[in-house]
Amino acid sequence: MSATADTHLVAGTSLREFLHGLPGVDQVGAEARAAMLASRSIKTTAKQWALDLAISMIDLTTLEGQDTPGKVRALCAKAKRPDPADPTAPQVAAVCIYPDLAHVAAAEVKGTGIHVASVATSFPSGRTSLEVKLADVQYAVSAGADEVDMVIDRGAFLAGDYQLVFDEIAAVKQSCGVAHLKVILETGELVTLDNVRRASWLAMLAGADFIKTSTGKVSPAATLPVTLVMLEAVRDFRATHGRQVGVKPAGGIRTAKDAIRYLVLVNETAGEDWLDPDWFRIGASSLLNDLLMQRTKLATGRYSGPDYFTLD
């Protein structure tokens, strides 16, 4: 999934001209298609597979000012063994924490294949100097993060300073070294689906390994129409540039039913190639418990109850 900045645009076309030359998004159409796909049901035989796949795609997250090393260790224990009573439950894809706790997470998940994702670049606002942002990234990576979730400068993007946003993403990507870069667009602040499409392409051209909807600190966070537009962008980007980029909706996805709706959206929009934790993640804290409850219901015919699983 490694990437470097892709400056290949149509000859003689500036970044602004390219982004504003992208096809406009039919908002009503996007909302209608997302609603239609969300209404689809899946057969019981496929539900177990879908629940396990969703679990394996979770970036189990704690991003609070009151986070402690003990809380991160508990989060990592849950990431490794989501259901202590059922060893067949898959582990999650990653734990997502602040940079100062990345070393704790890295020690806890070492050798498991679970990734350590750290938010950086002055998360969640992104409002500081590039020097500070790069130092934040280097601190996270040196502490053991193998994935970095950066935030774009939404103010610069909305003001039309696309080159500044591009250059910052490219610089952060370089600072990541071998770590993968997820670029958070904070779609709740981008106002229009046209802006979501432009920001998606901008991030991918600058070297993003993943594009991510939200910090989880702004409402609305992830929505199906926004994720649909981002999935279309990664599909079209691969078709034109030959590089696959992942997508991560984050914030507000709390139930198994929600998660399965996103899996249907992925399959029907980008295709089966993205139905893999390497290419699709769900940023969540409370979702895992509901997935485990639904999983137990399928296996036993009854719910275990919300108190059966640890709270995050």
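Everything quoted here is computed from the prediction, not taken from an experiment. (Residues numbered from 1 in each chain as written. Predicted model: local features only at pLDDT ≥ 70, side-chain atom pairs only at ≥ 80, totals over all residues. Heavy atoms only, no water.)

**Observations concerning the sheet that holds strand E8 (residues 282-284)**
Stage number 1. Ordered in space as E7-E6-E5-E4-E3-E2-E1-E8, the 8 strands form an open sheet in which the pairing is parallel. Where the open sheet ends on each side, the last strands, each with one partner, are strand E7 (246-248) and E8. Strand-to-strand twist of the sheet, defined as the mean angle between neighbouring strand axes without regard to direction, takes the value 25 degrees.
Stage number 2. Across 3 bridges, strand E1 (residues 58-61) lies against strand E2 (residues 94-97) in parallel orientation. (Pairing = 2+ DSSP bridges. Helix = DSSP H or I, 4+ residues; strand = E, 2+ residues; numbered from the N terminus. Axes fitted to C-alpha atoms, helices over the stretch in contact; angles between N-to-C directions.)

**Here's the deal with the environment of Asp-6**
Stage number 1. Topologically, Asp-6 is positioned in the segment before helix H1 (15-20).
Stage number 2. Taking the C-alpha atoms as reference points, Asp-6 and Leu-202, 196 residues apart in sequence, are found 9.7 Å from one another.
Stage number 3. Excluding residues that lie within four positions of it along the chain, Asp-6 makes contacts with Phe-166, Leu-205, Phe-237 and His-241. (Contact = heavy atoms within 4.5 Å.)

**Some details on the side chain of Thr-62**
Stage number 1. Inspection of the secondary structure assignment puts Thr-62 in the loop between E1 and helix H4 (69-80).
Stage number 2. Of the residues examined, Thr-62 reaches a relative accessible area of 5% and is grouped as buried.
Stage number 3. Of note is the side chain of Thr-62, whose polar atom sits 2.7 Å from the side chain of Asp-67.
Stage number 4. Setting aside its immediate chain neighbours within four residues, Thr-62 contacts Asp-67, Lys-71, Val-72, Leu-75, Cys-96, Ile-97 and Tyr-98. (Buried < 20%, exposed > 50% of the residue type's maximum accessible area, 1.4 Å probe, protein only. Polar contact = N/O pair within 3.5 Å; in protein donor to acceptor, adjacent residues only side chain to side chain.)

**Here's the deal with the packing of aromatic side chains**
Stage number 1. This structure, assessed with the given rule, holds 4 aromatic pairs.
Stage number 2. For the ring pair Tyr-98 and Phe-123, a centre distance of 6.0 Å and an interplane angle of 75 degrees mean the geometry is edge-to-face. Taken together, the positions of Tyr-98 in the loop between E2 and helix H5 (102-109) and Phe-123 in the loop between strand E3 (115-120) and helix H6 (130-142) put the pair 25 residues apart, joining distant regions of the chain.
Stage number 3. The rings of Phe-18, Trp-201 and Phe-237 are connected pair by pair, giving a single aromatic cluster. (Phe/Tyr/Trp six-rings, centres within 6.5 Å; stacked < 30°, edge-to-face > 60°.)

So far we have only geometry, and geometry alone does not tell us how the molecule works.
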